[in-house]
Amino acid sequence: AYKTLCLCAGSEKKTVDATRIGLDVLGQLGEHFTLKRSFVSGFAEFFKTKILLMGKDVGIIMSKVMEDKQMLVIMDLLETTCMCCQRNMGPLLPLRIIQLSISHGVC
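Residues numbered from 1 in each chain as written. Predicted model: local features only at pLDDT ≥ 70, side-chain atom pairs only at ≥ 80, totals over all residues. Heavy atoms only, no water.

Some words on the packing of aromatic side chains
Cut-off, in case you're wondering: Pairs were defined over the aromatic rings of Phe, Tyr and Trp, the Trp ring being its six-membered one, requiring ring centres within 6.5 Å. Orientation was assigned from the angle between planes: stacked under 30 degrees, edge-to-face over 60, tilted for the rest. Helix and strand definitions follow DSSP, with helices as H or I runs of at least four residues and strands as E runs of at least two, each counted in order from the N terminus. Here's how the labels work: a residue is buried when its accessible area is under 20% of the maximum for its type, exposed when over 50%, partly exposed in between, all with a 1.4 Å probe on protein chains only.
Scanning the model with the defined rule gives three aromatic pairs in all. When the centroid spacing of 4.8 Å and the interplanar angle of 80 degrees are considered together, the rings of Phe43 and Phe47 count as edge-to-face. Note that Phe43 and Phe47 are positioned in helix H3 (residues 39-53) at a spacing of four residues, about one turn of the helix. By relative accessible area, Phe43 is classed as partly exposed at 40%. The partly exposed category is assigned to Phe47, whose relative accessible area is 35%. An aromatic cluster is built from Phe43, Phe46 and Phe47, whose rings are joined through pairwise contacts.

Side note on a nonpolar patch on the surface
Threshold: Residues enter patches when they are more than 30% accessible in relative terms and free of salt bridges; like-charged ones are connected within 9 Å and nonpolar ones (Val, Leu, Ile, Met, Phe, Trp, Tyr) within 5 Å. Per-residue and other accessible areas were derived by the Shrake-Rupley procedure at a 1.4 Å probe size, with only the shown protein chains allowed to occlude residues. Put simply, a salt bridge is a Lys or Arg side-chain nitrogen that is within 4 Å of an Asp or Glu carboxyl oxygen.
There is a patch of nonpolar side chains on the surface, built from Phe39, Val40, Phe43, Phe46 and Phe47 and spanning about 540 Å² of accessible area. Along the chain, Val40 falls in helix H3. The class for Val40 is exposed, based on a relative accessible area of 61%.

Quick word on the side chain of Gln99
So the rule is basically this: By definition in these notes, contact holds between two residues if any of their heavy atoms fall within 4.5 Å.
With respect to the helices and strands, the residue Gln99 is situated in helix H6 (residues 92-104). For Gln99, a relative accessible area of 3% corresponds to the buried category. If sequence neighbours within four positions are ignored, Gln99 has contacts with Glu45, Lys48, Thr49 and Leu52.

Comments concerning the packing of helix H1 (residues 2-11) against helix H5 (residues 69-84)
This is how it is decided: A fitted line through C-alpha atoms represents every axis, and for helices the fit uses only the stretch in contact; the resulting angles, taken between N-to-C directions, go from 0 to 180 degrees. An angle counts as roughly parallel when it lies under 35 degrees, as roughly antiparallel when it exceeds 145, as roughly perpendicular when it falls between 65 and 115, and as oblique in every other case. Residues were grouped as follows: Ala, Val, Leu, Ile, Met, Phe, Trp, Tyr, Cys and Pro as nonpolar; Asp, Glu, Lys and Arg as charged; and all remaining residues, including Gly, as polar.
In contact at an axis separation of 9 Å, H1 and H5 are set at 10 degrees when each is read in the N-to-C sense. What the angle tells us is that H1 and H5 run roughly parallel. Contacts between H1 and H5 involve Lys3, Cys6, Leu7 and Gly10 from the former and Asp76, Leu77, Thr80, Thr81, Met83 and Cys84 from the latter. When grouped by side-chain class, the residues that make up the contact of H1 with H5 number five nonpolar, three polar and two charged.

Written as structure tokens, this is what we have:
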């Protein structure tokens, strides 16, 4: 239901509402973000992702399949929020998707 609500808000060009809906639900599911994004927080997420990827083989990363149902819901909502979010949140959400894929497998 929240995915649909997020998509509806995004389709009406209400990106602030869509972002807030997506991030609120993601926070309740354990993936926390802030709307007050800074250059430092974006850089930190980038380096966190870079460190997670260091020395990893793409084949090994891609061979691990995500099976945790809650994590699959989180990934689905992250993807939806990415499509509807404010521009300043753009890089953070895909970076989190990459981080979760490395940790929990791909979906």
